[in-house]
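So the chains spell out like this:
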Amino acid sequence: MLDIAAAHVRAGGLVAFPTETVYGLGADATSAEAVARVFAAKGRPSHNPLIVHVDGEAMAEGLVERWTSDARKLAAAFWPGPLSIVLPKRANVPEIVTGGGASVAVRCPDHPMTRRLIERAGVPLVGPSANKSGFVSPTSAEHVRREFEGAMVLGEGAGPGRPRPRSVDDILVLDGGVCSRGIESTVVKLPVAIGDGVRVLRQGVISAEEIAKVLGRSVEDAAVAARADEERTGGRDSPTGVTPLESPGLLDRHYAPRTPAFRFTASQWPEVLEALLDLEGEDGSEARGVVLTIGSRGVPVPHVRMIMPEDSRSYAARLYAAFREADELGAQAIYVESGRENGDPIWAAIADRVRRATAALE
Ligand code: AMP
Ligand code: MG
């Protein structure tokens, strides 16, 4: 199975692969032509850079100008794992991978099947989330299959009748089970010149504080800074000092279900109930709402309640699947209870995703 997938990668085709975060849409990162297929399949804007997945530090070193001591420390502490490290790229990384930028993000995922795939293909793989651009990331092979027409799932136990790609345009999906972490990797940009700082460009389950501890110096969290800016100016597209290249979509709608979705906190429950009562279908009849609640809350018929886990790890692992299920219920609106922001970095990363998937409940 991995042989078929590795050969498809080498031929320039797309192979979706499992990781501990979400499923990635893989292609040979050293081939501009293969990478172009990823952008086309996702409908991804060309300025949004892709993370390059490697099977270990040695492969990462071959993609960047200099694998710095900071990079070594982070790789030792967190790889394989959900941390993407941004450093100036070497010439062998095509510009299409980095959205035209001078640096590249590299990560070694914590999934044995995918590390074996990279090893067998012998090339690093770009791997944006295997979904149409802007929508919910997939956390199972089945999610990926539904996202791309004609995608073929290769299972561990596939026998002689197993599917084989007929053309380089076919999309293969390696089934490695349900993703354990469920939200995308933390992206950290490392300094290159003296005086540069360390910045977290995207929040994930590894926090700025954990990175700061390993590096022995302070780390700026660009997402937190951007949100403070937004709150100060009251605008969704306020100036943030974050360039579009570094963190595209930081404030944009992203990770979003197709159904209009709204975020609420525990104290806003009465407002949610009111919104549910007011929910109307196109013909003025009562329409269905779906509520993702933490713990139990009474939700009146015909609305549907989906109970989300109370601990942050399980909530994160469940979030995107819950978005997809809510979408499939054909509801008029989805209401999402986001967790307490109590200093737990996973709740902070969840809040970041929920914020970008929803509009705030007014
Ligand atoms: P996705 O592939 O959908 O998980 O998104 C990858 C994200 O990683 C991008 O949207 C960027 O925020 C970040 N990223 C990837 N490559 C780079 C890079 N070279 N420089 C800065 N950020 C990057
Ligand atoms: Mg994505």
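Per chain, the residues get numbers from 1 upward, laid out in the order the sequence is written. Following the order in which they are written, the chains are lettered starting with A and the ligands numbered starting with 1. Owing to the predicted nature of the model, reporting of local features is limited to residues with pLDDT of at least 70; listing and counting of side-chain atom pairs is limited to 80 or more, with chain, interface and lining totals taken over all residues. Excluded from the side-chain calculations are hydrogens and water; all other atoms, namely the structure's heavy atoms, are used.

Novice: Now, about the side chain of T139: what can you tell me, with residues and values included?
Specialist: Going along the chain from the N terminus, every DSSP run of H or I of four or more residues is numbered as a helix, and every run of E of two or more is numbered as a strand. Tracing the backbone shows T139 in the loop between strand 6 (125-126) and helix 6 (141-147). Three labels apply to residues, based on accessible area from a 1.4 Å probe with only protein chains included: buried if under 20% of the type maximum, exposed if over 50%, partly exposed otherwise in between. Judged by relative accessible area, which is 2%, T139 ranks as buried.

Novice: Quick one: what's the story with the domain arrangement of the protein, residue by residue and with numbers?
Specialist: The domains assigned to the protein are domain 1 (1-252) and domain 2 (261-360). The distance between the C-alpha centroids of domain 1 and domain 2 comes to 28 Å. Note on contacts: a residue pair qualifies if any of its non-hydrogen atoms lie within 4.5 Å across the two residues. On the side of domain 2, 17 residues touch domain 1, which itself brings 27 residues to the contact. Summed over both partners, the accessible area lost on bringing two parts together, with a 1.4 Å probe, is the buried area. Roughly 1,800 Å² of surface becomes buried between domain 1 and domain 2 when both sides are summed, with 49% attributable to carbon and sulfur atoms. When a carboxyl oxygen of Asp or Glu is within 4 Å of a side-chain nitrogen of Lys or Arg, the pair counts as a salt bridge. Applying the counting criterion to the domain 1 and domain 2 interface returns 3 salt bridges. E147 is the salt-bridge partner of R324, the closest N and O atoms lying 3.1 Å from each other. For this analysis, a polar contact is any N or O atom pair within 3.5 Å, provided that within protein one partner can donate a hydrogen and the other can accept it, and provided that sequence-adjacent residues contribute only side-chain to side-chain pairs. Scanning the region where domain 1 abuts domain 2 turns up 7 residue pairs in polar contact (both at pLDDT 80 or more). Among the elements of the structure, helix 6 and helix 8 (222-233) are those that each provide at least two residues to the side of domain 1 that touches domain 2. Considering every element that reaches the side of domain 1 that touches domain 2, the biggest residue donor is helix 6, with 3 residues. Domain start and end points were adopted from an automatic or database domain assignment.

Novice: Can you tell me about the nonpolar core, naming the residues and giving the values?
Specialist: In plain words, nonpolar cores are sets of buried Ala, Val, Leu, Ile, Met, Phe, Trp, Tyr and Cys residues tied together by side-chain atoms within 4.5 Å. The biggest cluster of nonpolar side chains holds 97 residues, and the ones touching the most others in it are W67, W79, I85, I211 and L292. Sort the elements by how many residues they give to this core and helix 10 (residues 312-328) lands first, with 7 residues. Formed jointly, this core draws a minimum of three residues from each of two domains, domain 1 (1-252) and domain 2 (261-360). Those residues in contact with I85 that lie beyond four places of it in its chain are W67, A71, L74, A75, W79, V104, A105, V106, V188 and L190. One finds W269, L276, V291 and Y335 within the second-largest nonpolar core, a separate group that totals 10 residues.

Novice: Please give an account of the pairing of strand 2 (residues 24-28) that cites residues and values.
Specialist: In terms of burial, strand 2 is largely enclosed, as 5 of its 5 residues are buried. By this definition, two strands are paired if DSSP reports at least two bridges between them. Between the end of strand 1 (residues 14-17) and the start of strand 2, which pair antiparallel, lie 6 residues. As defined by bridge partners, strand 2 adjoins strand 6 across 2 bridges and the pair is classed as antiparallel. Looking at strand 6, one finds that D28 is bridged to L125.

Novice: How would you summarise the confidence of the model for the protein if you had to cite specific residues and measurements?
Specialist: A score between 0 and 100, pLDDT records how confident the predictor is in each residue. Considering every residue of the protein, the mean pLDDT works out to 89; 90% of them sit at 70 or more. Across residues 235-251, confidence stays below pLDDT 50; counting only partners more than four residues off in sequence or on other chains, it has 37 contacts.

Novice: Any details on the packing of aromatic side chains? Residues and values, ideally.
Specialist: Each aromatic ring pair is summarised here by two numbers: the centre-to-centre distance and the angle between the ring planes. Each pair of aromatic rings taken from Phe, Tyr and Trp, with Trp reduced to its six-membered ring, is defined by centres within 6.5 Å and is described as stacked if the planes are under 30 degrees apart, edge-to-face if over 60, and tilted in the remaining cases. Tallied over the full model, the rule gives 6 aromatic pairs. Centroid distance F264 to W269: 5.8 Å. Interplanar angle 40 degrees. Geometry classified as tilted. The pair formed by F264 and W269 is uniform in burial state, with each residue classed as buried. Note on Y315 and W347: the rings are 5.0 Å apart at their centroids and 65 degrees apart in plane angle, and the pair reads as edge-to-face. Placement of the pair is Y315 in helix 10 and W347 in helix 11 (residues 345-357), with a sequence separation of 32 residues. For Y315, a relative accessible area of 0% puts it in the buried group. Accessibility expressed as a relative area gives 3% for W347, which makes it buried. One aromatic cluster is present, formed by Y255, Y320 and F323 through successive ring pairs. Criterion for a charge above a ring: Arg CZ or Lys NZ at most 6 Å from the ring centre, at most 35 degrees from the ring normal. When the ring centre of F135 is taken as origin, the NZ or CZ atom of R258, which lies over that ring, is 3.9 Å away.

Novice: Explain the sheet that holds strand 14 (residues 304-308) to me, using residue names and the numbers behind them.
Specialist: The sheet built from 5 strands is open, its strands ordered 14-13-15-12-16 with parallel pairing. Where the open sheet ends on each side, the last strands, each with one partner, are strand 14 and strand 16 (359-360). Under this scheme, a helix contributes an axis fitted over its contacting stretch, all axes are lines through C-alpha atoms, and angles between N-to-C directions fall in the 0 to 180 degree range. Here helix 9 (residues 269-278) sits on the sheet and contacts strand 12 (261-264), strand 13 (289-294) and strand 15 (333-337); the angle it forms with strand 13, its principal contact strand, is near 165 degrees.

Novice: Give a description of the packing of helix 4 (residues 69-78) against helix 7 (residues 208-215) that names residues and reports values.
Specialist: Running from amino to carboxyl end, helix 4 crosses helix 7 at an angle of 120 degrees, the nearest separation of the two axes being 9 Å. Classified by the angle their axes make, helix 4 and helix 7 are oblique. Crossing angle aside, the handedness with which helix 4 passes helix 7 is right-handed. Each of D70, K73, L74, A77 and F78 in helix 4 lies in contact with helix 7, whose residues at this interface are E210, I211, V214 and L215. Roughly parallel means an angle under 35 degrees; roughly antiparallel means over 145; roughly perpendicular covers 65 to 115; every other angle is labelled oblique. Should the near helix be turned counterclockwise from the far one by less than a right angle, the crossing is left-handed, whereas a clockwise turn marks it as right-handed.

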